[in-house]
Amino acid sequence: MRVLRNARLADGRDVDVRIDTTGGTISSVVAAGSTAFDGDADVEDLGGWLLLPAMAEPHAHLDKALTADEVPNPKGDLMGAIGAWFEAAEKGRLSYERTVERAIQAFELLLVHGVTAVRTHINVTADIGIVSVLAVQEAARAMEGLIDFQTVALTGWPMTGPDRAANVRALEEAVEAGVDLVGGCPNLQDDPATHISDVLALATSAGLDIDLHTDETLDASVLTLRELARQVSGKGFDGTVAASHCVSLGMQPPDVQAAVAAEVAAVGISVITLPQTNLFLQGRDDPVGTPRGLTAIEALLDAGAVVAAGADNVQDPFNLVGRSDPLETAALMVMAGHRLPDDAYGMVSNTARQVMGLAPVNFEPGDPADVVAIDAPSVRGAVADAPMSRRVYRRGRLVASADQQTRVLRPEAER
Ligand SMILES: [Zn+2]
């Protein structure tokens, strides 16, 4: 039994949280100070810190993370990033060993910020095969017991037409190597509908879920999200489907947004919006009234769709900055996505967990004890300041901690 005493929940209650360490679940939540401790309870006093559901990163690229200096993207747009990445891969600048090291570093950065579950896309293409999948899997083994992770095979181009064989073979090898989801970028293919159909067929036969980079473009004539919804509906796919980005949905007139959002919600497709990378990559050809590149969040939520938020790229050619902190993502959901802070935090915690098929943390008995304590007065304050004083618990065990120290040195102090 572990007790996290003297914690403040998001609703303002001051509580003690009892954790069943065997099952890694919350066993009870009682008013602070009302717990009678038995002798062998392991008690940690959180000193009134805010205790929240742990964060989850539903869309990362750990094979690319932290390469911004090695793989520059002076153009700054999506095709510049893709070109820079493939050139670096061709020149052998992305070794297996470095990929493992960088992925471990990226995992640890996420963990220390309060992330206990991450879904990462990994490039699986004709030129590199599954080497990046193997590297990230090796990194994940070094994080055993610390963080839950899911891998998505991110396929190359072309996946349709006469030249597709080598890319398709790489995807099949990735499935054999144990990836959890089938991915891809339908709108970059010559025949998006066929690609979506192929992905559904492969995921069905392999028993995998699907997460597609969907419509990562401001071009309103591109709308493969609707095609995806219709095929998922028509084929009766059993697994879960996530559509990441959905940028072009945000460029549609309101009636189209509402109609497509209704189809997405009806078939249960989750949407993952990715503010950091889309703000960085999108809109560079529109100097006047530059679009933000986010999806139609309001229309999707109005329709009842599940919308989570992720960071996508972190310090690589697709996004030169990023702190591996979902509180940064949440802050962008407030500023660029116009959500209230509590809703924004939900998008990077329980809703992200929901997209990943993980149970929510509502501080009810039986909930997973995946929680993060933050030295902040409220969820709004946490999102605003992103204080780096945190305690991260996975299944009730402390897995990471950070302590921020600040000093103001007034002149008098020197005397
Ligand atoms: Zn991505």
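Parameters and conventions
- Per chain, residue numbering runs from 1 following the sequence as it is written.
- Where totals are concerned, whole chains, interfaces and linings use all residues; where local detail is concerned, this predicted model gives features only for residues with pLDDT of at least 70, and gives and counts side-chain atom pairs only at 80 or more.
- For helices the rule is a DSSP run of H or I covering at least 4 residues; for strands it is a run of E covering at least 2, with both sets numbered from the N terminus onward.
- Residue burial here comes from a neighbour count, namely the number of other C-beta atoms, placed from the backbone, that lie within 10 Å of the residue's own C-beta, with 20 or more meaning buried, 12 or fewer meaning exposed, and in between meaning partly exposed.
- Axis lines are fitted through C-alpha atoms, for helices just across the contact stretch, and the angle between N-to-C directions can take any value from 0 to 180 degrees.
- Roughly parallel means an angle under 35 degrees; roughly antiparallel means over 145; roughly perpendicular covers 65 to 115; every other angle is labelled oblique.
- Crossing handedness: left-handed means the near helix sits turned counterclockwise from the far one by under a right angle, and right-handed means the same turn made clockwise.
- Two residues qualify as being in contact provided that their C-beta atoms, derived from the backbone, are within 7 Å of each other.
- Residue polarity is assigned by list, with Asp, Glu, Lys and Arg as charged and Ala, Val, Leu, Ile, Met, Phe, Trp, Tyr, Cys and Pro as nonpolar; anything else, Gly included, falls into the polar class.

**Concerning unusual backbone geometry**
- Omega for the bond connecting Trp 157 with Pro 158 falls within 30 degrees of zero, at 0 degrees, which places this linkage in the cis form.
- Note on placement: Pro 158 falls in the loop between β8 (148-155) and α4 (165-176).
- A positive phi angle is found at Asn 6, which is not glycine, with a value near 60 degrees.
- With respect to the helices, strands and loops of the structure, Asn 6 is situated in strand β1 (residues 2-8).
- A count of 19 C-beta atoms within 10 Å places Asn 6 in the partly exposed class.
- A positive phi is found at Ser 324, a non-glycine position, where the angle reads about 60 degrees.
- Locating Ser 324 in the fold gives a position in the loop between β13 (307-309) and α10 (326-335).
- On the neighbour-count criterion, Ser 324 (23 C-beta atoms within 10 Å) is buried.

**Some thoughts on the packing of helix α5 (residues 192-206) against helix α6 (residues 224-235)**
- Two numbers describe how α5 lies on α6: the axes approach to 10 Å, and their chain directions differ by 40 degrees. It follows from the interaxial angle that α5 and α6 lie oblique. With respect to the hand of their crossing, α5 and α6 are arranged in right-handed fashion. Residues Pro 192, Ala 193, Ile 196, Ser 197 and Leu 200 of α5 form the contact with α6, whose participating residues are Thr 224, Glu 227, Leu 228, Gln 231 and Lys 235.
- Here the residues of the contact of α5 with α6 are counted per class, giving 5 nonpolar, 3 polar and 2 charged.

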